[in-house]
Every structure is written in structure tokens, then in C-alpha cells.
Amino acid sequence: MTTTAQRPTDEPRIAWYRNVRVLRVIAQVLFVVAVFSLFFWLFNNLVNNLNRLRIGTDFGFLSRPTRFQIPYDDGFDPSSPVWDMVLVGVKNTLLAGFFGILLATVLGVLIGIARLSSNWLVARLAAVYVETLRNIPPLIIIIFFGFAVFTFGPLPVLSEAHQFQIPGTHNNGLILSNTLWAVPSFVAGPSLGLFWLVIALGIAAAVAVFVWRTRLHERTGAPDRRMRWSLGVLGLVTVAAILLIGDAFDASYPALAESGRRIDGGYRLNNGFISVTVALGLYTASHIAEIVRGSILAVPKGQSEAANAIALTGFQRYRYVLLPQAMRIAVPPIISQYLNLVKNTSLGVVVAYAEITALTQTSIGNGRPAPQSILVLMGVYLTFSLTISFVLNIYNRRIQLVER
């Protein structure tokens, strides 16, 4: 016996112009067409204006001389190509962003914990710090450090800089002025290549120890302490390489030149770098402190009570119980703060710090094409942001709990 399906012949057909699914598709197609039309119109308008002004539309300007000097960069001269200027700007932006993030993270975690302290004075001081710094625009903080601390501050000019010698020697350990600070540094020696080869072997050994401690923990349940072991192995290899190779590095001590206009040797920090790094580090720390405080409060109270019940100290309670759980909550919003800090380094233009935005503006002022220069600038910041997001999102997934 066979049956045939009955078609609902009595169901009314909907006209296409009243069908919601058809209308949604048409609306999305029209939106895409409108967006592409807008971009085409803008691009066509840009090309026409560039042609009218006889400005090239290619990126050949990157290989032409910059025709200006970058302050505090001895290796750069006006004959250097624009591409080298971009690399210098990327390096300076990277340095300000890295050390700013380091300062903001350490300070933010400490102040976030201090806000929950049972000590009335410590908690109130932390609250005053947070409410003060996070309510002042970062540009104002940078201007304060750049002008109130350095340009018109108590430090002397470079020719009269404070020089502090290392006890028992005639070498300077620190030079302070209102434009430059300098400390001893290391320069490459004849056996630097052999040194880095040994360090590479040390990193491989540290990774092997990390894997061994992890597997030992999974097999026996013993505390892994893998980071402690791995860093210990790498530290021992580094110390042994320095002692045994001997001439991998040479010490370089800062000294004020006879003209009093520059510092020779050592590692030099200019006032722009210090102003941008410290100001953004302090400002971002106020936001990270609130994120850390809220994340700790989000940890169930029973966790803290259980830690107290087994007689853990305050440090152990935060180290082994509260902070590991709080960081699972805190990492995503902290990523946003890191991205903001790196982008805010562009404010360094107000204190003449040679980061990528300031150098791009100077290059455009010297006749380089603005559209292509801005496109390169946007590409640099996009690369910075995507790299930070990629790395920290991997870390975030690594510390999240895996539900079964």
C-alpha cells in the first residue's frame, strides 16, 4: 500500500516584496553595495585630488631621505630613508609600550590588593590614587611630567648634570639632567655570538625541564614548580656563560662630554621617553587596580575562608588561592587596557618623544605624502594591537578552566 504526501494547496503564497526573508537579503545586499560605493567614491576623490596636486600615489617615498634629524638617536641622520624613520618610530613606540605595560601591571595589581586591605590608611591611600589618576586625562599627566618634572623641574641642564660615581671607581653610575638620564650598560664583545648560542641551548634545556616537571606532576601529583625550575636552569646557564666566555660583553659607563652637550657611553633615557612611560604607566595602573579589585571580589567568599581555615598567611592566600582565580576574570579587561596604553603612546608628541606618530607628522611636514604616511601609521598600530590581543588571548585560554 502506498501513500502520497498531500501538498497544502490551500496555503496562500506570500508575495516576494512581503516575504521577510527576501527583504532581509535585499537589505543586506543594498547595504554592502552602499558601503562599497562610499569607499569607491572616497578613493576616487582621493586619487583625483592627488593627481591635481601632482602628488604620487605609490610608496616610493619610503626609500627617499627624511631630511631631518631624530633627537637622541645617534645612528640616524637626515640622509637616512623614511623607512628607517618608521623603524625608529616603531622601536620607540614599542619601548614606551612595553615598559609602560610592565609598570602598569605591577603597580595596578599591588594597588588593587591594597584597596581591599584591612588597614584603613593603606586602603584609603589606594582609593585616593585610583580616584585621582583615572579621572585625569592621560595627556595632562604626560604634560605634567614633561614640563613640571623635567623642563621646568628641579633637575639641572645637561651641562651642569648631577654625576654620581660608583663607589671605589672613577666611573659614573648615574647621570641626571632635565633632558637626559644615563646609567651603565653593556656593549657587544668579540664572543657575543658564542654567548647567544649558549643561551639558546639554555632555553632549550629550560623548556625540557618545564616539560619534565609537568609530566612528573601529572604522574605523581607532586608540586610541579615548573617555572621556578625552568628559570633556575636558564639563570644558571646565563651566569655560567658570562663567567666562562668572559668577553661576550664589555661594560660601558656614561660620561658627560667636555662640550657639556651630550653624554658618551652608557644607556641614555631622554625626558620624553620617561614622561610618556611613567605617565601612561601610572594612569593605566589606576584602571588595572579597579579591574583586579573587582576580580578578587568576584571570587567566592568561601575560597578565602577556606584559605584562612588551613592557616595560610595573607601572602599565601593571595598567591595560591585568590589571585589565580581572579586573573581568569581580570585578563580580558586588562587586555583592553594594554591596547589603550599602546595607542596612547601617540600622545608623546606633546613632549617631543620620537614615537611613530610624532615622526610621521614631521615627515608629512617635510613634504612626504600624507595618505600613504597615515596608511603606514595605521598599519603599525594595527599590527601592535593584533599582536597584543593574539598573545594575551592565548594566555587567557590557557588559564581558563576546562569544563567536562
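In this convention, every chain numbers its residues from 1, walking through the sequence in written order. Reporting in this predicted model follows two pLDDT cut-offs: at least 70 for local features of residues, and 80 or more for side-chain atom pairs to be given and counted; totals over whole chains, interfaces and linings ignore these cut-offs and use all residues. By convention in this description, side-chain values take in all heavy atoms of the structure and omit both hydrogens and water.

(A) The arrangement of the environment of Ile 113 in detail. Counting through the fold element by element, Ile 113 comes out in helix H2 (residues 82–114). On a C-alpha basis, the gap between Ile 113 and Val 86 in space is 40 Å, while along the polypeptide they are 27 residues apart. When checking whether two residues touch, look at their non-hydrogen atoms; a contact exists if any pair is within 4.5 Å. Here Ile 113 is in contact with Ile 296, Tyr 318 and Leu 323, once residues within four sequence places are set aside. Under the DSSP-based scheme used, a helix requires at least four consecutive residues in state H or I and a strand at least two consecutive residues in state E, with every element numbered from the N terminus.

(B) Looking closely at the pairing of strand E2 (residues 172–176). Any two strands with at least two DSSP-identified bridges between them are counted as paired. As defined by bridge partners, strand E1 (residues 162–165) adjoins E2 across four bridges and the pair is classed as antiparallel. For Phe 164, the partnering residue across the bridge sits in E2 and is Leu 174. In this structure, the hairpin formed by E1 and E2 is closed by a connection of six residues, where Gly 168 is found at a positive phi of approximately 85°. As defined by bridge partners, E2 adjoins strand E3 (residues 180–183) across two bridges and the pair is classed as antiparallel. Note on E3: the bridge partner recorded for Ile 175 is Ala 182.

(C) Structural view of unusual backbone geometry. Even without glycine at this site, Arg 67 takes up a positive phi of about 65°. Here Arg 67 is to be found in the loop between helix H1 (20–52) and H2. Taking relative accessible area as the criterion, Arg 67 reaches 52% and is therefore assigned exposed. Each residue gets one of three labels from its accessible area relative to the maximum for its type: buried under 20%, exposed over 50%, partly exposed in between, using a 1.4 Å probe on protein chains only.

(D) The nonpolar core, seen in detail. Residues enter a nonpolar core if they are buried and are Ala, Val, Leu, Ile, Met, Phe, Trp, Tyr or Cys, with the set joined through side-chain atoms within 4.5 Å. Counting residues in each nonpolar core, the largest one holds 65 residues, and the members touching the most others are Ile 70, Met 85, Tyr 129, Val 276, Ile 296, Tyr 338 and Leu 359. Those elements giving two or more residues to this core turn out to be H2, helix H3 (120–133), helix H4 (138–151), helix H7 (271–298), helix H9 (314–344), helix H10 (356–365) and helix H11 (370–399). Once residues within four sequence positions are removed from consideration, Tyr 338 is found in contact with Ile 101, Thr 105, Ile 288, Ile 388 and Leu 392. Counting six residues, the second largest nonpolar core, distinct from the first, contains Leu 158, Leu 180, Ala 182 and Ile 263.

(E) Local environment of the sheet that holds E3. In space, the four strands of this open sheet follow the order E1-E2-E3-E8, with antiparallel pairing throughout. Pairing within the sheet leaves two strands with one partner each, and these edge strands are E1 and strand E8 (267–270). Going from strand to strand, the sheet's axes swing by 15° on average, the running direction of each strand aside. Only C-alpha atoms enter the line fits that serve as axes; for helices the fit covers just the stretch in contact. Angles between N-to-C directions range over 0 to 180 degrees.

(F) Here's a closer look at a nonpolar patch on the surface. Taken together, the side chains of Leu 139, Ile 140, Ile 143, Phe 147, Phe 152, Val 349 and Val 350 define a hydrophobic patch exposed on the protein surface, amounting to about 570 Å² of accessible area. By the secondary structure assignment, Phe 152 is in the loop between H4 and E1. Patch construction takes residues with relative accessible area above 30% that form no salt bridge. Like charges are linked within 9 Å, and nonpolar side chains (Val, Leu, Ile, Met, Phe, Trp, Tyr) are linked within 5 Å. Method for areas: the Shrake-Rupley scheme with a 1.4 Å probe, in which residue coverage is limited to the protein chains shown. Should a side-chain nitrogen of Lys or Arg be within 4 Å of a carboxyl oxygen of Asp or Glu, the pair is scored as a salt bridge.

All quantities given are derived from atomic positions and should not be read as evidence of function.
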